[in-house]
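Descriptive analysis of the structure
What follows is each chain in one-letter form.
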Amino acid sequence: MAIFFFFFIALLITLTSANADPLAPALFVLGDSLLDSGNNNLLPTVARANFSPYGMNFDAARSTGRFTNGRTVADFIAEFIGLPYAPPYMSIRRLMESEQVKTGLNFASGSCGILPQTDVSHQGKCLNFPEQVDLFERTVKEDLPRYYKTSTELSNYLAKSLFLISIGSNDYINNYLISFYDTSKRYSPQSFATLLVNNLSQQLQRLYELGARKMIVFEVGPIGCIPAITRQTKHIGPCVEDINQMTLLFNKELAPLLLNLTSTLQHSSFILGSVNWLGYEAAITPSKYGLSDSSNPCCVTWMNGTSGCIPGLGALACKRPDKQYFFDGYHLTETLYKQIATLCFNSSSVCIPKNINDLLLS
């Protein structure tokens, strides 16, 4: 029954917002491949999703650079708010006079993380989190002022805008957990989690100083359940629990960080996107979420299901991606993203202490 509830609520949200004024003037997105809408298409990297079967359920089956079969959490949130999808920053930079910047931009970049050294020289160039904040700063100082007469108008616009942030998974997947780095030799799981949270805190404060006030910051999900991990690590049960425990250390420090920032930075709201429990529950009991498979990727991937989809083999992708948890070896299907977005927008179980609807109306 849970899956029907999610879709019913999502339908109500969509119908309610279809003919209403946007709840926020803009949506700004920062993060990794869970939110990337095409920035990596324009970077020298092999970490791309601009080919079939990615996007097989997106508008006109277009492969836009989203690492999934359809829409991401950011896309659904944009729909619920009443805004267009936030376009990738790298594409907008080519259209210097584009007014699309006024309704938000997407700075997220696949394979990157919180730390600048994550994925360096591993798959190519990506935009790490400090670089994404640098680009947002450039947007605030160079691009947005042309649309607002005074600095007060610009400040009010930014204060009412929504910022969506999902980052940190790759600091484990593409850094701490691979032998290419010596990170796991220099840091214990606990000290590494603290390092990540401290670095994240610095960038969140930078966003605040640039004008952001309403921020949703998502936890790192249960990466010990993804095929890229489960198919390469000996374990008992559906997930590699030792790795899941590492990410829980990060999440346990993230929650008090956001509370502290909200209490110390005037007029700010740092909302926790508590998604780890949902991702884990869906992996353990997929039927509760309308899924039939929570262990195999939908597409044919490189390296026996542990990597990205193979170009040109879209016809071999699963016929019912809506029943799959994973689209490739790392990323979720649109089905899970929709459920996360719906709950974050309109319930009290994912986005804490306020859901997005309440946050934007406050």
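The residue numbers shown here count from 1 along each chain, following its written sequence. For a predicted model such as this one, the threshold for reporting local features is a pLDDT of at least 70, and the threshold for listing and counting side-chain atom pairs is 80 or more; totals across whole chains, interfaces and linings nevertheless cover every residue. As a rule here, side-chain values come from all non-hydrogen atoms in the structure, and water together with hydrogens is ignored.

**Section: the nonpolar core**
Counting residues in each nonpolar core, the largest one holds 99 residues, and the members touching the most others are F28, I77, L204, L207, I216 and F250. What counts as a helix is a DSSP run of H or I of at least four residues, what counts as a strand is a run of E of at least two, and both are numbered from the N terminus. The leading source of residues in this core is helix 8 (residues 189–209), at eight residues. Contact between two residues is taken to exist if any of their heavy atoms lie within 4.5 Å; hydrogens are not considered. With residues up to four places along the chain from it excluded, the contact list for I216 reads L162, F163, L164, I165, I271, C344, C351, I356 and L359. Definition used in this section: a nonpolar core is a set of buried Ala, Val, Leu, Ile, Met, Phe, Trp, Tyr and Cys residues joined via side-chain atoms within 4.5 Å. Relative accessible area decides the class of each residue, using a 1.4 Å probe on protein chains only: under 20% of the type maximum gives buried, over 50% gives exposed, and in between gives partly exposed. Counting residues in hydrophobic clusters, the runner-up holds 10 residues, among them F51, F67, C299 and F327.

**A look at the sheet that holds strand 7 (residues 351–352)**
Any two strands between which DSSP finds at least two bridges are classified as paired. The mixed open sheet is built from five strands, whose spatial order is 1-2-3-4-7. In this open sheet, the two edge strands, each paired with only one partner strand, are strand 1 (27–31) and strand 7. As paired strands, strand 1 and strand 2 (residues 162–166) are joined by five bridges and run parallel to one another. Paired with G31 across the two strands is S166, which belongs to strand 2. Note on geometry: axes are lines fitted to C-alpha atoms, helical ones only across the stretch in contact, with angles between N-to-C directions running from 0 to 180 degrees. The strands that helix 10 (residues 241–264) touches are strand 3 (214–218) and strand 4 (269–273); relative to strand 4, the one it contacts most, it runs at about 165 degrees.

**Structural notes on the state of the cysteines**
Disulfides are defined as pairs of cysteine sulfur atoms found within 2.5 Å of each other. For the structure on display, the rule yields five disulfides. In this model C299 forms its disulfide with C309; the gap between the sulfur atoms is 2.0 Å. Negative torsions about the S-S bond denote left-handed disulfides, and the value of about -95 degrees found for C299 with C309 makes this one left-handed. Placement of C299 in the loop between strand 5 (293–297) and strand 6 (324–326) and of C309 in the loop between strand 5 and strand 6 is noted, with a sequence separation of 10 residues between them. Classification of C309 as buried rests on a relative accessible area of 1%. Here C344 is linked by a disulfide to C351, with a sulfur-sulfur distance of 1.8 Å.

**Points about the packing of helix 4 (residues 129–143) against helix 8**
Contact geometry for helix 4 and helix 8: axes closest at 10 Å, N-to-C directions at 5 degrees. Classified by the angle between their axes, helix 4 and helix 8 sit roughly parallel to one another. Counting all contacts with helix 4, which are made through F129, P130, V133, D134, F136 and E137, the residues of helix 8 involved are L200, Q203, R206 and L207. Each residue belonging to the contact of helix 4 with helix 8 can be placed in one class, and the counts come to six nonpolar, one polar and three charged. Each angle gets one of four labels, with under 35 degrees taken as roughly parallel, over 145 as roughly antiparallel, 65 to 115 as roughly perpendicular, and the rest as oblique. Gly falls in the polar group here, along with every residue not listed as nonpolar (Ala, Val, Leu, Ile, Met, Phe, Trp, Tyr, Cys, Pro) or charged (Asp, Glu, Lys, Arg).

**Section: the packing of helix 2 (residues 73–81) against helix 12 (residues 334–346)**
Packing of helix 2 against helix 12 brings their axes to within 8 Å, and their N-to-C directions diverge by 45 degrees. By the angle class used here, helix 2 and helix 12 are oblique. Between helix 2 and helix 12 the crossing geometry is right-handed. In contact with V73, F76, I77, F80 and I81 of helix 2, helix 12 contributes E334, Y337, K338, I340, A341, T342 and F345. Of the residues that constitute the contact of helix 2 with helix 12, the class distribution is nine nonpolar, one polar and two charged. By definition, any crossing whose near helix is turned counterclockwise from its far helix by less than a right angle is left-handed, and any crossing with a clockwise turn is right-handed.

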